Amino acid sequence: MKDFKRMLYGGDYNPNQWPREIWDEDMRIFRLADINSATVNVFSWAKIQPGEDEYDFAELDEIMEMLKKENYDIVLATSTAALPAWMVRRYPEVARVDYEGLRHKFGQRHNACPNSPVFQKFSRRMAQKLAERYGDHPNLACWHISNEYGGECYCENCEKAFRVWVKKKYGTIDAVNKAWNMHFWGHTLYDFDDIVAPNALSDGIGYEKTAFAGISIDYRRFMSDSMLENFKAERDAVREFDKETPVTTNLMGSYKGLDYFKWAKEMDIVSWDNYPAYDTPWSSTAMHHDLMRGLKDKPFMLMEQTPSQQNWQRYNSLKRPGQMRAQSWQTVAHGADTIQFFQLRRSVGACEKFHGAVIEHSGTENTRVFREVAELGHELKALGDTLLGAKNSAKVGIIFDWDNYWGLEYAVGPSADLKYVPQLQQYYAYFYERNIPVDMIPVDADFTKYSAVVAPVLYMVKDGMQEALENYVNQGGILLTGFMSGLVDQSDNVHLGGYPGPLRKLCGIWAEEIDALAPEQTNVLKFTDGTDAACSLLCDIIHLEGAESLANYGSDFYKDTPAVTKNAFGTGKVYYVGTKPDAVGLRKILDMLCADADIKPLVGEETKLEIACREKDGKRYWFVLNLTGKPQPMIGAFADKTDILKGRTLKAGEMLENWDTLLYVE
Ligand code: GLA
Ligand code: ZN
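Residues numbered from 1 in each chain as written. Chains lettered and ligands numbered in written order. Predicted model: local features only at pLDDT ≥ 70, side-chain atom pairs only at ≥ 80, totals over all residues. Heavy atoms only, no water.

Asker: It is not clear to me how the packing of helix H1 (residues 20-32) against helix H3 (residues 58-69) should be interpreted in this structure. Could you clarify?
Answerer: For any two helices packed against each other, one specifies the inter-axial angle together with the distance between the axes. One can describe the packing of H1 onto H3 by two numbers: an axis separation of 11 Å at closest approach and a directional angle of 20°. Relative to H3, the element H1 is oriented roughly parallel. Between H1 and H3 lies a crossing of right-handed hand. On the side of H1, the interface is formed by Arg20, Trp23 and Met27, while H3 contributes Glu59, Glu62, Ile63, Met66 and Leu67. When its residues are assigned to classes, the contact of H1 with H3 shows five nonpolar, no polar and three charged. (Axes fitted to C-alpha atoms, helices over the stretch in contact; angles between N-to-C directions. Helix = DSSP H or I, 4+ residues; strand = E, 2+ residues; numbered from the N terminus. Parallel < 35°, antiparallel > 145°, perpendicular 65-115°, else oblique. Left-handed = near helix turned anticlockwise from the far one by under 90°. Contact = heavy atoms within 4.5 Å. Nonpolar A, V, L, I, M, F, W, Y, C, P; charged D, E, K, R; others polar.)

Asker: Would you mind showing me how to read the pattern of salt bridges here?
Answerer: Between side chains of opposite charge, a pair can form as their charged atoms come close. For the structure shown, the criterion picks out 45 salt bridges. In this structure, the salt-bridge partner of Glu159 is Arg163, at a minimum N-O distance of 3.6 Å. Placement of the pair is Glu159 and Arg163 together in helix H6 (residues 156-170), with a separation of four residues, close to one helical turn. An identical accessibility class is assigned to Glu159 and Arg163; each is buried. With a shortest N-O distance of 3.0 Å, Asp401 and Lys462 are connected by a salt bridge. With Asp401 in the loop between strand S12 (396-399) and helix H13 (402-410) and Lys462 in the loop between strand S14 (452-454) and helix H15 (465-474), the pair connects residues that are 61 residues apart, well separated along the chain. Given the relative accessible area of 7%, Asp401 is considered buried. A cluster of three or more residues bridged by salt bridges with shared partners is formed by Lys169, Asp218, Arg221, Asp401, Asp403 and Lys462. (Salt bridge = Lys/Arg side-chain N within 4 Å of Asp/Glu carboxyl O. Buried < 20%, exposed > 50% of the residue type's maximum accessible area, 1.4 Å probe, protein only.)

Asker: Just to check I follow, could you spell out the side chain of Ser216 for this structure?
Answerer: Along the chain, Ser216 falls in helix H8 (residues 213-241). For Ser216, the residues in contact, after removing those within four places along its chain, are Pro198, Thr210 and Tyr410.

Asker: Help me out: how do you make sense of the coordination of the zinc ion (ligand 2) in this one?
Answerer: As a benchmark, a tetrahedral metal site with four donors has ideal angles of 109.5 degrees, while an octahedral site with six donors has ideal angles of 90 or 180 degrees. Those donors, Cys113 (SG), Cys153 (SG), Cys155 (SG) and Cys158 (SG), are the protein atoms that reach the zinc ion (ligand 2), and they lie 2.2 to 2.3 Å from it. Geometry at the zinc ion (ligand 2) is tetrahedral, judged from its four donor atoms and the angles of 100 to 117° they form at the metal. By relative accessible area, which is 0% here, Cys153 ends up buried. We classify Cys158 as buried; its relative accessible area is 0%. (Donors = N, O, S within 2.8 Å, 3.2 Å for Na, K, Ca; no water. Tetrahedral: all angles 85-135°; square planar, octahedral: opposite > 155°, others 65-115°.)

Asker: Honestly, the site of ligand 1 in this entry has me stumped. Any pointers?
Answerer: Residues in close proximity to ligand 1 include Phe43, Arg109, Asn147, Glu148, Asn250, Asp273, Tyr275, Glu304, Trp312, Phe342, Glu352 and His355, which together make up its full environment. Separating an oxygen atom of ligand 1 from a side-chain N or O atom of Arg109 is a distance of 2.9 Å. Side-chain polar atom of Glu148 to an oxygen atom of ligand 1: 2.6 Å apart, as the coordinates give it. Here ligand 1, which alone exposes 310 Å², has 98% of that area covered by the protein. (Near = heavy atom within 4 Å. Polar contact = N/O pair within 3.5 Å; in protein donor to acceptor, adjacent residues only side chain to side chain. Areas by Shrake-Rupley, 256 points an atom, 1.4 Å probe, with all protein chains shown as cover.)

Asker: For this particular structure, what's the right way to read the nonpolar core?
Answerer: Within soluble globular proteins, side chains that are nonpolar tend to cluster in buried spots. Core analysis: the largest hydrophobic core is formed by 185 residues, its most contacted members being Val40, Trp180, Trp329, Phe400, Phe431 and Phe623. Broken down by element, this core gets its largest block of residues, eleven residues, from H8. Residues contacting Trp329, with those up to four places away along its chain left out, are Leu376, Glu379, Leu380, Leu383, Leu387, Phe623, Leu625, Leu645 and Thr661. Met465, Tyr472, Ile509 and Val574 belong to the second-largest nonpolar core, a separate cluster that totals 25 residues. (Core = buried A, V, L, I, M, F, W, Y, C linked by side-chain atoms within 4.5 Å.)

Asker: Just to check I follow, could you spell out the pairing of strand S24 (residues 619-625) for this structure?
Answerer: In the case of a regular strand, side chains alternate between the two sheet surfaces. With five of seven residues buried, S24 is to be regarded as a mostly interior element. Sheet analysis places strand S23 (residues 610-616) next to S24, joined by seven bridges and oriented antiparallel. Paired with Lys616 across the two strands is Lys619, which belongs to S24. Joining the antiparallel neighbours S23 and S24 is a turn of two residues, in which Asp617 adopts a positive phi near 45°. Inspection of the sheet shows S24 paired to strand S27 (residues 661-665) by five bridges, in the antiparallel sense. From the neighbouring strand, Val624 faces S27, where its bridge partner is Leu662. (Pairing = 2+ DSSP bridges.)

Asker: Teacher, can you tell me more about unusual backbone geometry here?
Answerer: Glycine aside, a negative phi is what most residues show, and trans is what most peptide bonds show. The omega angle of the peptide bond from Gly413 to Pro414 is -5°, so this bond is cis rather than trans. Checked against the element boundaries, Pro414 lands in the loop between H13 and helix H14 (420-433). For Asp34, which is not glycine, the phi dihedral falls at a positive 55°. Even without glycine at this site, Trp185 takes up a positive phi of about 55°. Turning to its location among the elements, Trp185 is positioned in the loop between helix H7 (173-179) and strand S5 (204-205).

Okay, here's the thing in structure tokens:
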């Protein structure tokens with residue numbers, strides 16, 4: 001597989017939405033920013049295939065030729081993320097049927113039924129044609145299949161394909177009835193044809209919940225697989241003509257709809273689109289970068305970010321002066337090998353005309369945004385290939401799993417406020433704030449690489465997981481889990497015999513009941529050393545079965561019973577956090593866990609600066625970022641050293657301005 005030769009710096013570029021005379025002006029301006037890459041053809045299906053048997057690549061040829069003259073690394077999209085009008089007119093089945101059961105007309109994007117044979121045929125053929133034509137183009141750096149796969153379809157084609165998928169998975173209708181617990185409410189299925197797509201017309205309870213999580217989780221798996229088949233079909237079509245160029249599709253962080261760990265196995269390189277809101281905590285952005293790196297345990301591409309402003313958030317604040325640079329370096333610090341924008345020139349019309357771009361509506365390079373893009377471009381150019389492929393390493397692994405995500409959020413009870421990602425986020429934030437690197441890992445990761453494995457809301461314990469976790473702890477691993485863990489199997493049926501089911505022995509506890517607290521209610525965590533903290537959301541009522549209590553509840557009828565426990569198992573230890581602690585409580589628990597697992601921050605001194613490290617060829621690259629919103633003192637670890645971005649040397653205690661970013665190599 002071809003590797004990138006330099007850090008790709010550029011982004012989505014749609015010259016075909018503009019008159020020809022603008023293109024040269026674009027090139028002139030991009031040169032000023034050391035832009036070296038463009039992602040083209042993302043939404044061009046209608047233009048390059050104006051009819052069923054008509055293809056017209058003249059304009060794309062011209063774009064490719066222009067980018068070649070500029071020595072660009074081209075990211076070539078296959079254009080199949082928005083259906084052309086002729087296709088929907090002629091074959092209405094290519095459009096989706098939504099959750100409410102409505103058949104969609106021509107419109108929007110990401111709008112194809114993944115199980116439509118017509119869509120499958122045309123999208124595959126398009127990828128083939130493009131690969132045949134451009135597969136050996138000297139400037140082709142990466143294939144970008146479709147765009148941001150997602151959404152769902154509930155049409156008849158999908159329903160039929162789902163029956164086939166279910167049959168393949170379970171074999172008999174009896175096995176299906178058992179897996180989905182269909183004797184409940186007399187939903188007994190007699191035949192595979194009785195299976196209908198679970199949406200508002202059948203078992204859905206609003207969009208978020210379902211009467212039968214078993215079928216709904218399987219439908220999510222099926223949708224994820226269906227779109228993955230679309231991706232694979234285009235990828236394989238590309239491979240018929242081009243064996244060398246890496247293939248990706250742009251992912252969306254913790255987007256719920258697709259099992260990205262499964263997807264990543266089919267992708268050569270992961271890429272993703274990072275769009276935090278004005279109030280998204282930096283720890284959340286960092287966690288999502290780590291998740292995207294974790295999908296393949298490899299550096300990733302930042303396929304999209306806005307240089308300045310988004311348009312689809314509720315409040316689309318500008319990135320403040322210096323913010324885009326800092327945010328880009330944070331991305332690189334967590335494993336990105338490219339920095340790409342959406343988009344290079346701001347649209348003249350439609351819903352993205354107020355979305356930021358490298359060239360704004362004023363049409364010139366004389367803007368704050370452009371100057372900042374150029375500043376970063378010069379820095380990246382100066383670094384060349386220095387950081388490409390550099391590795392991040394971590395001793396803490398946090399488990400992220402889409403089956404668990406789906407299962408937990410489909411659960412009807414005990415609390416409607418229970419959401420998957422925020423539960424992981426609060427644990428991640430503890431490590432982030434202490435500059436302890438984290439890997440986001442799948443349920444089937446090699447746990448033995450980690451000193452500690454953190455697995456909150458490990459709701460669904462699938463086959464093999466009990467053994468894998470027991471084995472890890474037996475050999476000295478430190479595991480943390482807690483409420484809503486070990487409850488169900490892969491089909492969302494409860495592991496009978498007492499919570500946390502298969503984790504009971506490991507945790508050395510039995511959680512007899514789960515109390516739900518309303519937002520205005522809290523309980524108290526009374527730690528054995530006298531510290532008090534608050535807790536909320538859910539409270540497991542726990543009996544010790546070998547574990548010791550680290551904190552008991554302070555009120556209610558379960559006052560003085562264990563809330564947080566620790567169990568010795570083999571040569572390792574297992575923490576069980578039976579409730580949602582506040583920041584004080586969480587710190588206490590995780591401080592103990594870090595002590596047990598001998599996990600230390602990257603630097604010894606306390607600091608609010610973000611520190612991250614990537615390694616390559618025996619060298620360590622240290623990123624020092626101030627994302628705190630106010631000046632912060634330089635720490636001793638990097639004092640008097642010279643940063644390689646701007647050649648600055650700071651003394652200990654000297655102030656770093658907000659958004660300051662320094663990079664040191666040793
Ligand atoms: C997504 C899409 C882009 C664009 C941006 C705007 O990430 O992939 O086409 O719409 O959002 O933020
Ligand atoms: Zn469909």
